[in-house]
Amino acid sequence: MRRVSVLGASGSIGQQTLSLLAAYPGRYRVVGLSVHRRIEALSEWVSLFSPEWVAVTDAEALSEARSRWGQRVMVLSEKEFYSHLESDPGDIVVNGIVGSVGFWASWHTLQHPTAVLALANKESLVFGGKWLAPLRERILPVDSEHSAVFQCLQGENTESIEKLILTASGGPFRGKKTEDLRLITPEQALRHPVWKMGSRITIDSSTLMNKALELIEAYWLFAVPQEKIEVWIHPECIIHSLVLFHDGSMKAQLSLPDMRLPILYALSYPSRVSFRQERCKLPEVGGLHFESVDESTFPSLRFAREALQRGGSAPALLNAADEVIVEAFLKGQISFLEIFDWLEWTLSQPEAFLDPENPVLLAEVEKEFRQKLRVHLRLSVHAG
Ligand code: MG
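Residues numbered from 1 in each chain as written. Predicted model: local features only at pLDDT ≥ 70, side-chain atom pairs only at ≥ 80, totals over all residues. Heavy atoms only, no water.

K.L.:
Kindly report on unusual backbone geometry, identifying the contributing residues and their values.
P.N.:
Pro270 follows Tyr269 through a cis peptide bond whose omega is 5°. Residue position: Pro270 is located in the loop between helix H12 (260-268) and helix H13 (282-285). Although it is not a glycine, Ser50 sits at a positive phi angle of roughly 40°. Position of Ser50 relative to the elements: it lies in the loop between helix H2 (43-49) and strand E3 (53-56). (Helix = DSSP H or I, 4+ residues; strand = E, 2+ residues; numbered from the N terminus.)

Here it is in structure tokens:
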């Protein structure tokens, strides 16, 4: 029986992972759960799984959780959580935490000598890829594109990779030109044609910043130079990514768009478990379409490549800035097109040219930069 812990358990990936784990009771044992604040999302799961520990990183929610479950399970603070991840995280740790704070859970998990990290938190690699990459042998991708690449690479030699091709739905504004994007409202940008996700990732998908972050993620996961990573728009979202090998042959991974598939693959790797869901019937889909990215309208991939080329603090700040900028857009402080202006501005700032020697120092630079950007975008400035 595999011992599994699920971090960011109240989020979309966390909840889907827990439903899957509940469906295979003889195969997995849930040993740990973590949330930031939303402990009510755990109630059902704590009763169902009786985990060994529950971590709550928000101080107020922590004391509430202790009075609720303290008699039955070990309730850990943020600090205790991180040291527990180093000593006894379980066989597989699913990191579904949202945002760059998720780096720390990844980092501490990989300090354990054998634990495998099933990584849905792409920001872990965008923020601290340099420090996690040496441990990549124990990272299993849960992001659908990266899971697809990983599946295509089974049995292959990484030296024979000519290109990794990440697919993108293109979001709700595919085919639009700069002129058409001038008056886009948050409501329009929040309507994703295929995937149902949180609001930041949905906006990121409409600007292609999600794909930009995934390009950085792929760079660190697969150790492939960024010139060898391409993005193709594929509106049907059936092919989740492809690999072109140096003999000219290509492999792709196909399925209906369902995040439970990459989660399940990571949980059951290197084998597959049976999963009775609707199958992808290509004759019913009819056709699969592909387009190149219109980078003059959607410049996000260029920002990612520039950040990767520069290294140091640039990728982390690009991601942190994007989080703040999306908040400003959702609050009506800036227009849709200004998202790109502020991302470009971020890369021009002196903080984006630093090269902090460890993740603690990088986190400080990132935190200060967030505050500076919040002031520029007339957002409330708060601690953390
Ligand atoms: Mg993805």
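K.L.:
Give a description of the coordination of the magnesium ion that names residues and reports values.
P.N.:
Summarising the metal site, the magnesium ion is bound by the protein donors Asp143 (OD), Glu145 (OE) and Glu214 (OE), whose distances to it range over 2.1 to 2.2 Å. Along the chain, the residues that donate to the magnesium ion are spaced as D-x1-E-x68-E. With Asp143 in the loop between strand E7 (139-141) and helix H7 (144-152) and Glu214 in helix H11 (residues 209-222), this residue pair connects regions lying 71 residues apart in the sequence. According to the relative accessible area criterion, Asp143 is buried, its value standing at 8%. (Donors = N, O, S within 2.8 Å, 3.2 Å for Na, K, Ca; no water. Buried < 20%, exposed > 50% of the residue type's maximum accessible area, 1.4 Å probe, protein only.)

K.L.:
How would you summarise the pairing of strand E5 (residues 92-95) if you had to cite specific residues and measurements?
P.N.:
Along any regular strand the residues' side chains alternate between the sheet's two faces. Every second residue of E5 is oriented toward a common face, with Ile92 and Val94 on one face and Val93 and Asn95 on the other, all of them buried. Relative to E5, strand E1 (residues 2-7) runs parallel, the two sharing four bridges. Directly across from Leu7, in E5, lies its bridge partner Asn95. Sheet topology note: the E5/strand E6 (residues 116-119) ladder contains four bridges and is parallel. (Pairing = 2+ DSSP bridges.)

K.L.:
I'd like to hear about the pattern of salt bridges, residue by residue, with values.
P.N.:
Taken as a whole and assessed by the stated rule, the structure comprises 27 salt bridges. Residue Glu344 is joined to Arg302 by a salt bridge in which the shortest nitrogen-to-oxygen separation is 3.3 Å. A residue pair is termed long-range when its members are at least 10 positions apart, and Glu344 in helix H16 (residues 336-348) and Arg302 in helix H14 (residues 300-310) qualify at 42 residues. Under the relative-accessibility criterion, Glu344 is labelled partly exposed at 38%. A relative accessible area of 37% means that Arg302 is categorised as partly exposed. With a closest N to O distance of 2.9 Å, Glu323 and Arg370 form a salt bridge. With Glu323 in helix H15 (residues 314-330) and Arg370 in helix H17 (residues 359-376), the pair connects residues that are 47 residues apart, well separated along the chain. Assessed through its relative accessible area of 26%, Glu323 is described here as partly exposed. Judged by its relative accessible area of 11%, Arg370 falls in the buried class. Among the charged side chains, a salt-bridge network with shared partners connects Glu123, Arg200, Asp204, Asp322, Glu323, Glu366 and Arg370. (Salt bridge = Lys/Arg side-chain N within 4 Å of Asp/Glu carboxyl O.)

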